[in-house]
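# Close look at the chain arrangement
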Amino acid sequence: MSTGRRVILGLAAPVAALVFAVVTSSIVLLISGSDPLAAYGDMFSHAAKLETLVDLLNRATPLYLAGVAVAIGFRMNLFNIGVEGQYLLAFLVAAHVGSLVSLPAVLHISLILIVAMSVGGAYAGVAGVLKVTRGVNEVISTIMLNAIAITGISAWLIKEWQAEGGVRAGTTTRTGTTPIDDSGLLPGLNGVVEVFTREIGQGKELTGVFVIAVVVGVWYHVFINRTVLGFDLRATGINPFAARVGGVPPGRMIVLAMVLSGAVAGLIGMTELMQTGFYPANPIQSLGFAGIAAALLGRNNPFGIAVAALIFAFLDVSSGVLQFTGAAPREIVVIMQGVIILAAVIAYEIMRRVRERDEARHASAAPAEVPA
Amino acid sequence: MSARLTWIAELPAWARWAAYAAIGVFVLTLVQGFDDTDRLTAVSSSQSMLRWGVPILLAGLGGLFSERAGVVNIGLEGMMILGTWFGAWGAINYGAWWGLAAGLIGGGLGGLVHAVATVQFGVDHIISGVVINVGALGVARFLSSEVFTGYAGGSITQSPRVPGVGQFTFPVLAGGDIGGWSSPDVLGWFGDRGWFFVSDVANVSKGLVTEVSFVTLIALALVPFSTWLLWRTRFGLRLRICGERPEAGEAQGVNVYLYKYIGVLISGALAGLAGAFIVSPELSGIYNEGQTTGRGFIGLAALIFGNWRPLGVLRGALLFGYVFGLGLRDLGGTASHSLLLVNAIALLGIAVWAYSRGNRNNAGLAGMLCVLTTIWYLTSDTVPDWWVNILPYVVVLVVLAFFSQRLRMPAADGQRYRKGES
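Residues numbered from 1 in each chain as written. Chains lettered and ligands numbered in written order. Predicted model: local features only at pLDDT ≥ 70, side-chain atom pairs only at ≥ 80, totals over all residues. Heavy atoms only, no water.

A separate point is the overall build of chain A. Along chain A, the regular secondary structure elements total 16 helices and two strands. Computed over the C-alpha atoms, the radius of gyration of chain A is 23 Å, within 12% of the 21 Å expected from 2.2 N^0.38 for a compact globule of 372 residues. Principal axes of the C-alpha set define a box for chain A whose edges measure 85 × 55 × 40 Å. When the 372 residues of chain A are sorted by exposure, 53% land in the buried category. The contacts in chain A between residues at least 6 apart in sequence include a share of 76% that link residues at least 24 apart. Of the accessible surface of chain A, which amounts to about 16400 Å², a share of 67% is contributed by carbon and sulfur atoms. (Helix = DSSP H or I, 4+ residues; strand = E, 2+ residues; numbered from the N terminus. Rg over C-alpha atoms; globule rule 2.2 N^0.38 Å. Buried < 20%, exposed > 50% of the residue type's maximum accessible area, 1.4 Å probe, protein only. Contact = heavy atoms within 4.5 Å. Areas by Shrake-Rupley, 256 points an atom, 1.4 Å probe, with all protein chains shown as cover.)

Dropping the structure here:
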């Protein structure tokens, strides 16, 4: 198969999925009596603003981290549905620990990040250990652990740890943990961005976690593709029996993959934590599931996940404008996201079959050239 | 324990189940004697057990049909969400029974998407299920913003009041009416005597036959019906072979795709019915976003807990329903506190059972958990509400950790099947 055909096949699936999603949502919008073109126009012109772009990157950062967390599991044929519970728990514990101490900025920030990664990794590790020692399917156990973390442990700890009298956030008072000292907050990146652009207004601040996300992405790429451990991990995912014969203990790989996945998941909540400094009673949720979508659309590829995260972030952020212009109900983007991801996995499956057929044809054609 | 209870295993099925139930009530009776509560065996407790158990039961039976046909259905939660929305919409506009039908169809549509993705296109079952869960939330939100916001008392997350299909109290047993004549209340009479154990059994039984929704009756009837359909008919044999050895079915001329489609569609429809029951007055009487609170997953847990069998699903659904129902009415946390001791006794049972089978590891682990639970029980007077909320999930994890080697899922469950590839 030529390289050109391979590239086209690789790109065809996500593009087809996007087109299909746009068409489907347009039909839904037409049925509900809205003008799809006006809605899309509003969304794009809104997203072209610098402030919206900052919002978009702020939203894409946790999405990307969630996508990488899920992808690490996928590479090992593990389905970490528990990213949701892992990051909320890590977020809460990191917020609390961070508020207890006052350290020089570098140490303080490092401590918070390490706590978050440890908690996320440990909680995901529970599912890994249950799978290895008890044969419990990780899909079921992480679903249960999600519920336990969100409705149980978090609900309990937030009551124990919440700041008395609430936390002041801007003009309102919210329930949450005691705010972290400024030394524990990662500075924003507005200064860096403003070198290239105009001043960012409306009090928007590009999160410093963006840098962490980039680092995680590079690490993920190097780890999976350039290290022995990453190779072992992938090999075990593809064929555990062959890997075992090759001297890779599958049990250890399973636990390792879950812990790494959970550790990255622990960073998801940092975007919000570094911005506000506390864990609120109603933190931003469903990022874990959005991460699954990003990993699927991005095919577990560090660059692909970034594109997917940007697409989903665009839909999330730019849909806000629909409320003001009234061109369409903003809930349409949730449907769009669902359709994109479903269409993408179906399209990838079809492409896989096309590729297999190509290879089979190629293989059957090749021997004919060899003289008997 | 296993040695002394072998005589139970030799009884016919119905008697065995009655014996297990009696032992359960006996333990509850004993335990609540230690604490100052009569909640564990109250009429209202078994009544709410049944009410809260029904959505779990329906979702679990839904999962049963899908997984017996070889398709893992994580999307039950999403199909249940669709069921709540369509159930509320149908009931408000066309009456309670049409609401059930609408919920059935709404969930069935979710099932159709799952079937198209997994059976037709061979998408990974878990992935498709997750997408359906997320997508259903968006669809329900979108539909609410389009429809419910236009109703009086409705909003983007809520519907107006939803009517119910009505309730039924059994005559003679629990004092229901027969054509205007109010019959005696036999179980109630025994329940009021205050006799140890006898009154407790009467109270628990009375809860099961008092003000039972017609949906509950349908759901309970579905249990033997599913057993009959799956294990006693040609249809069931064909459906099950798709979950065990689809290639063998194909060789026998079974249209595997068709049966998988049917299984997943039934699955979605039952999950939708569960959703329609959640919005009925017995449980909430209103559509409210996020009200399924993961009960589709609990249904899935009941399915695994029940070893992929209808009666087992019923057992799991009633267990989880009991815990949920008790927790909701138990605001002080005293009855749930007694439940801790029940947990400890159950863990002790597991430990003894594992030890008698020579599994020292499991026995030690269960014993340790038992001791921890007992310490917690002895050092506290109430349990916090979050514990009640997560108890079903903890039970599932513990059960899976100790018994997952003994559970047997359909052999080809969750695997991709392509026609003509074998």
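On we go.
Tallying secondary structure elements over chain B gives 17 helices and six strands in all. Against the 2.2 N^0.38 benchmark of 22 Å for 422 residues, chain B shows a C-alpha radius of gyration of 22 Å, consistent with a compact globule. Of all 422 residues assigned to chain B, the portion counted as buried reaches 56%. Intrachain contacts of chain B at a sequence separation of at least 6 include 75% that bridge at least 24 residues. For chain B, the accessible area works out to roughly 17700 Å², and carbon and sulfur atoms hold 64% of it.

With that settled, the discussion passes to the interface of chain B and chain A. Contacts between the two partners involve 40 residues from chain B, matched on the other side by 38 residues from chain A. A buried area of about 3400 Å², summed over both sides, lies between chain B and chain A, and 78% of it is on carbon and sulfur atoms. When residues of chain B are sorted by the area they lose upon contact with chain A, B:Phe142, B:Trp386 and B:Leu397 head the list and together hold 19% of the total. Between B:Arg416 and A:Glu349 there is a salt bridge, with the nearest N and O atoms lying 2.7 Å from each other. Where chain B touches chain A, the interface holds four residue pairs in polar contact (both at pLDDT 80 or more). Elements supplying a minimum of two residues to the side of chain B that touches chain A: helix 5 (96-120), helix 6 (125-146), helix 13 (295-305), helix 16 (360-378) and helix 17 (385-403) of chain B. (Buried area = accessible area lost by both parts, 1.4 Å probe. Salt bridge = Lys/Arg side-chain N within 4 Å of Asp/Glu carboxyl O. Polar contact = N/O pair within 3.5 Å; in protein donor to acceptor, adjacent residues only side chain to side chain.)

In this section: the confidence of the model for chain B. When pLDDT is averaged along chain B, the result is 86; 95% of the residues meet or exceed 70. If you check the scores for this complex, the pTM reads 0.90 and the ipTM reads 0.86. (pLDDT = per-residue confidence, 0-100.)

Residues and elements named next belong to chain A. Helix length check: helix 11 (residues 250-266), at 17 residues, gives a terminal C-alpha distance of 24 Å against a target of 24 Å (1.5 Å per residue), a fit within 8%. When you tally the buried positions in helix 11, you get 12 out of 17 residues, the bulk of the element. Taken together, the buried positions of helix 11 are Pro250, Met253, Ile254, Ala257, Met258, Leu260, Ser261, Gly262, Ala263, Val264, Ala265 and Gly266. (Expected span 1.5 Å × (residues − 1).)

With 203 residues, the main nonpolar core has A:Phe79, A:Met270, A:Met274 and B:Ile74 as its most contacted residues. Counting residues per element, this core draws most heavily on helix 16 (residues 332-365) of chain A, which supplies 16 residues. Non-local contacts of A:Met270, meaning those with residues more than four positions away in its chain, are made with A:Phe91, A:Ala94, A:Ile112, A:Leu113, A:Ala116 and A:Val209. Core analysis: the next-biggest nonpolar cluster, separate from the first, contains 14 residues, B:Phe148, B:Val162, B:Val279 and B:Tyr287 among them. (Core = buried A, V, L, I, M, F, W, Y, C linked by side-chain atoms within 4.5 Å.)

The topology assignment puts B:Ser159 in strand 1 (residues 158-161). Within the structure, B:Ser159 has its side chain in polar contact with the backbone nitrogen of B:Tyr287 (distance 2.9 Å).

Residue and element names in this part refer to chain B. Direction vectors running N to C along helix 15 (residues 334-356) and helix 16 enclose 160°, while the axes themselves pass 8 Å from each other. With respect to their mutual orientation, helix 15 and helix 16 come out roughly antiparallel. Crossing geometry of helix 15 relative to helix 16 is assigned as left-handed. Mapping the contact onto sequence places His337, Ser338, Leu340, Leu341, Asn343, Ala344, Leu347, Leu348, Ile350, Ala351, Ala354 and Tyr355 in helix 15 and Arg360, Asn362, Ala363, Ala366, Gly367, Leu369, Cys370, Thr373, Thr374, Trp376 and Tyr377 in helix 16. (Axes fitted to C-alpha atoms, helices over the stretch in contact; angles between N-to-C directions. Parallel < 35°, antiparallel > 145°, perpendicular 65-115°, else oblique. Left-handed = near helix turned anticlockwise from the far one by under 90°.)

The next point concerns the side chain of B:Ser128. All names here are of chain B. You can see Ser128 is positioned in helix 6. We classify Ser128 as buried; its relative accessible area is 0%. In contact with Ser128, other than residues within four places in its own chain, are His114, Ala117, Thr118 and Val123.

The next subject is the pattern of salt bridges. Taken as a whole and assessed by the stated rule, the structure comprises 12 salt bridges over all chains. Residues A:Asp316 and A:Arg59 are paired through a salt bridge, measuring 2.9 Å at the closest nitrogen-oxygen approach. Residue A:Asp316 is located in helix 14 (residues 302-318), and its partner A:Arg59 is located in helix 3 (residues 50-75); the two are separated by 257 residues in the primary sequence. A salt bridge links B:Arg408 to B:Glu244, with the nearest nitrogen and oxygen atoms 2.7 Å apart.

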